[in-house]
Amino acid sequence: MRLSDFLQAEVLDDNDVSIGRVQDVRLIQDGPVIGTWGAAFSIEGLIVSKRGVGARLGFHRSNVKGPLPLKALFEWIFRDARLVEWERIRSIEEGRIRFRGTYEDLKAPDPLSG
Amino acid sequence: MTRAGNRIDAGLGLLDRQILDKDGKDSGNVDDLELFAREEGGAPYVMYILAGPGALARRLRGRAGAWLESAFERLHHSEDPHPARIPFGVVKDIKHSVELSISKRGLDVTTIEDWVRDHFISKIPGAYHDPGGTK
């Protein structure tokens, strides 16, 4: 399984309604200890949004202060972003991921610093 | 870097970052990550960094990806070409680049570079000339 299997996959809820595509994958360092690195990163959840423009620019990170108009623009663009926790994932097919619940059950992802 | 405590967004904080070996030498880019499922169930975890055109091809998808994958398979010396896999366990730190605790030698991250050197650069007259005058 590769990270690229998740990125840009369409995400569908319990009613087969698309809530967007995977824009990023949030990792948490809670896996088994590997080598000198320590605890491995495992998947905490998928960051899903219908809008992909600028997702990789990082303006939504908490420690990015500006330029203010761009930060405001990208935060507005990604206002629909939601974190689909790994425990909610029901099935993974090629280019399509289904989860338990609906868009309303999901939380917005916490902005990370970077 | 894109961490808050022990969290990171893989696309933003890892993908396309430069990889530096223990001597600070360029060892490619993070082109993809390979994840392993846990025997006891639960979320899969990152086991390898994949680097090089063989990994990038899959991310590009479409015609560009198919072309890159085909070129990689032709140029790779192995009968079963696969992207370079760097165990995540040898990562020392993640900053603006991904720093390794080992040397790039033996990581198989320079397949295309080696092929170009052996098939083109080495055939250019003077390719082995050392400006320092030792050869």
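Our subject is the structure that appears above.
First, a word on what this report is: a plain description of the structure on this page. (Residues numbered from 1 in each chain as written. Chains lettered and ligands numbered in written order. Predicted model: local features only at pLDDT ≥ 70, side-chain atom pairs only at ≥ 80, totals over all residues. Heavy atoms only, no water.)

Moving on to the overall build of chain B. Within chain B, the secondary structure is distributed over four helices and nine strands. Ordered by position from N to C terminus, the α and β elements of chain B give β-β-α-β-β-β-β-α-α-β-β-β-α. The burial tally for chain B puts 41% of its 135 residues in the buried class. A separation threshold of at least 6 residues defines the contact pool for chain B, and within that pool the share at least 24 residues apart is 44%. For chain B, the computed accessible surface area is about 7,700 Å², with 52% contributed by carbon and sulfur atoms. (Helix = DSSP H or I, 4+ residues; strand = E, 2+ residues; numbered from the N terminus. Buried < 20%, exposed > 50% of the residue type's maximum accessible area, 1.4 Å probe, protein only. Contact = heavy atoms within 4.5 Å. Areas by Shrake-Rupley, 256 points an atom, 1.4 Å probe, with all protein chains shown as cover.)

What follows concerns the packing of aromatic side chains. In this structure the tally under the stated criterion is five aromatic pairs over all chains. Each ring, one from tryptophan 37 of chain A and one from phenylalanine 88 of chain B, has its centre 5.3 Å from the other, and the planes form 85°; the classification is edge-to-face. Within this pair, whereas tryptophan 37 of chain A is found in the loop between β2 (18-34) and β3 (38-49), its partner phenylalanine 88 of chain B is found in the loop between β7 (84-87) and β8 (91-94), the two belonging to separate chains. An aromatic cluster of three or more residues is present, and its members are Trp37 and Phe41 of chain A together with Phe88 of chain B. (Phe/Tyr/Trp six-rings, centres within 6.5 Å; stacked < 30°, edge-to-face > 60°.)

The next point concerns the sheet that holds β8 of chain B. Residue and element names in this part refer to chain B. Overall, mixed pairing links the four strands, which are arranged β4-β3-β9-β8 in an open sheet. Since the sheet does not close on itself, it has two edges, and those belong to β4 (26-29) and β8, each with one partner. Sheet twist, expressed as the average angle between the axes of neighbouring strands with direction ignored, equals 25°. Bridging between strand β3 (residues 18-20) and β4 involves two bridges; their strand directions are antiparallel. Following the sheet pairing, glutamine 18 is matched in β4 by asparagine 29. (Pairing = 2+ DSSP bridges. Axes fitted to C-alpha atoms, helices over the stretch in contact; angles between N-to-C directions.)

It is worth spelling out the nonpolar core at this point. Residues Val25, Leu27 and Leu46 of chain A are the most contacted members of the largest nonpolar core, which totals 45 residues. For this core, the elements supplying multiple residues, two or more each, are β2, β3 and β6 (96-99) of chain A together with β5 (32-36), β6 (45-51), β7, β8 and β9 (98-100) of chain B. Residues contacting valine 25 of chain A, with those up to four places away along its chain left out, are Leu3, Phe6, Leu7, Ile43, Gly45 and Leu46 of chain A together with Ile8, Asp9 and Ala10 of chain B. (Core = buried A, V, L, I, M, F, W, Y, C linked by side-chain atoms within 4.5 Å.)

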